[in-house]
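Coordinate inspection notes
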Amino acid sequence: MTTATGEKLLLELLDGFLGSKLLMTAYKLDLFTAAREPIARDALRAALDLPERSFKIVVDACVALGLLHEDERGVATPAALAPFLVRAPGKPFSTTTYLLEYYDEVYRALADMDALVRSDGAASPFKLRDYFKDDVDAIDPQVAAEYSRYMDATIARIVEVVLATYPFGQHRRLLDLCGNTGSFCAAIVAATPGLHGAFLDVPACVAIGRRQLEARPELQGRVEAIAGDVFRTPLPPGYDVITMCRSAMDWGDDKIGAVYRRVHEALPPGGRLLVIERMLPERVLPEALPMYLRGVYFLAKSESTRYRSPREHFALLQAAGFAATEALEPPRAPYEFFQSMRILVATK
Ligand SMILES: C[S@@+](CC[C@H](N)C(=O)[O-])C[C@H]1O[C@@H](n2cnc3c(N)ncnc32)[C@H](O)[C@@H]1O
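Everything quoted here is computed from the prediction, not taken from an experiment.

Below, the discussion takes up helix α10 (residues 203-214). Taking 1.5 Å of rise per residue, the twelve residues of α10 would be expected to cover 16 Å, and the 17 Å separating its terminal C-alpha atoms lies within 8% of that figure. Looking at α10, one finds that the buried residues are Ala 204, Cys 205, Val 206, Ile 208, Gly 209 and Leu 213. Against α8 (141-165), β4 (196-201) and β5 (223-227) lie the buried residues of α10.

Each assigned domain of the protein is listed with its residue range as follows: domain 1 (6-91) and domain 2 (155-284 + 302-347). Domain 1 and domain 2 are separated by 40 Å when their C-alpha centres are compared.

The buried fraction of strand β3 (residues 173-177) is high, at four of five residues. Note that β3 and β4 share five bridges and pair parallel. Note that in β4 the partner of Arg 173 across the bridge is His 196. In this region the chain leaves β3, passes through helix α9 (residues 183-191) and returns to the parallel neighbour β4; the handedness of that crossover is right-handed.

Take helix α4 (residues 52-65) next. For the α-helix, the turn length of 3.6 residues means that residues three or four positions removed from each other point alike. Between its first and last C-alpha atoms α4 spans 20 Å; for 14 residues at 1.5 Å apiece the expected length is 20 Å, and the two agree. Within the span of α4, buried status applies to Phe 55, Val 58, Val 59 and Cys 62. In a view along the axis of α4, the buried residues occupy a sector of 90 degrees, so they form one face of it. Turned more than 90 degrees off the buried face of α4, the exposed positions are Arg 53 and Ala 64. Where α4 is buried, its residues touch α1 (6-28), α2 (31-34), α3 (41-48) and β2 (74-76). Following α4 by one or two positions, Gly 66 adopts a phi angle in the positive range, close to 85 degrees.

Reading the values: rules and limits
Residues numbered from 1 in each chain as written. Predicted model: local features only at pLDDT ≥ 70, side-chain atom pairs only at ≥ 80, totals over all residues. Heavy atoms only, no water. Helix = DSSP H or I, 4+ residues; strand = E, 2+ residues; numbered from the N terminus. Expected span 1.5 Å × (residues − 1). Buried < 20%, exposed > 50% of the residue type's maximum accessible area, 1.4 Å probe, protein only. Contact = heavy atoms within 4.5 Å. Domains from an automatic or database assignment. Pairing = 2+ DSSP bridges. Right-handed = clockwise from strand over helix to strand, strands pointing away. Arc of directions from axis to C-beta.

If you want it as structure tokens, here you go:
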């Protein structure tokens, strides 16, 4: 991220805080849409109706950071950034754009970060992923709808990469745990002739999933929805491949270890568990910085979310009874933000 060292490194990191806040604020003020075409500063200020001093502070800093381009025609949102920063009706979903608003909320939750660190996340006021409940019926349907919107919008490209990495044709029945609205399960089933699928998630997400499935008659009888709790609901027998995508990371070793044991019990001999998510390198590498920083967000998200390395997963899988484990490295990342995805294959 930076090549600076010593005092310069510290100052760059401190400036990073101001730069991120500036980006999110300029986006919120819709400055980038107003500057989608070159526009004179005076006209831009009038369009945004901002005081002279604060407008100049924001625009100067945006130009200096490369968030705006300035020439004799005025200031403009650079073409390379416009797809993420300029609002337009019907624009395709972009994770980066989503994060501009999401991280604004995270920022607020991190305001007292030393309290988050001391309490291991317990002091967090963050509510946008409030599914860490002992009683899954207590999950607010509105919160579930909001996070499911993000999951649904980002799953298709993950599925593409999963299908390019792992052959599901060798299986008959797939069970996707923490499968949200079933989009992952439905996409794998749709791409794999003869495969039957089921997904299990909390009732609020499964209710959305059932409605979505009704709109896909071609999957009638091929995808089943199970409302429940991955820690308590009996896992149905007869599934020869069980998947967990972007979900194992949400839970501490005790809870995810227990899920791995339940999966091992439910699988037939030779059956497989696939753990699909971003994974850390075995030792700290600067290239993995975005994942370590994402960990800072996890302090706000919950008291248990953490990325693991393949070896850390393997230890839990072996303790759960899986003798054979293998890490598959996909041919590409599903999208820029989602680097270092791995598929761990554990065979019973
Ligand atoms: C990060 S999302 C991943 C969803 C999906 N696998 C994907 O990749 O899009 C985590 C999912 O776990 C579900 N979840 C949380 N607690 C659960 C529980 N106790 N039992 C079942 N699902 C749960 C959430 O509702 C959410 O859909």
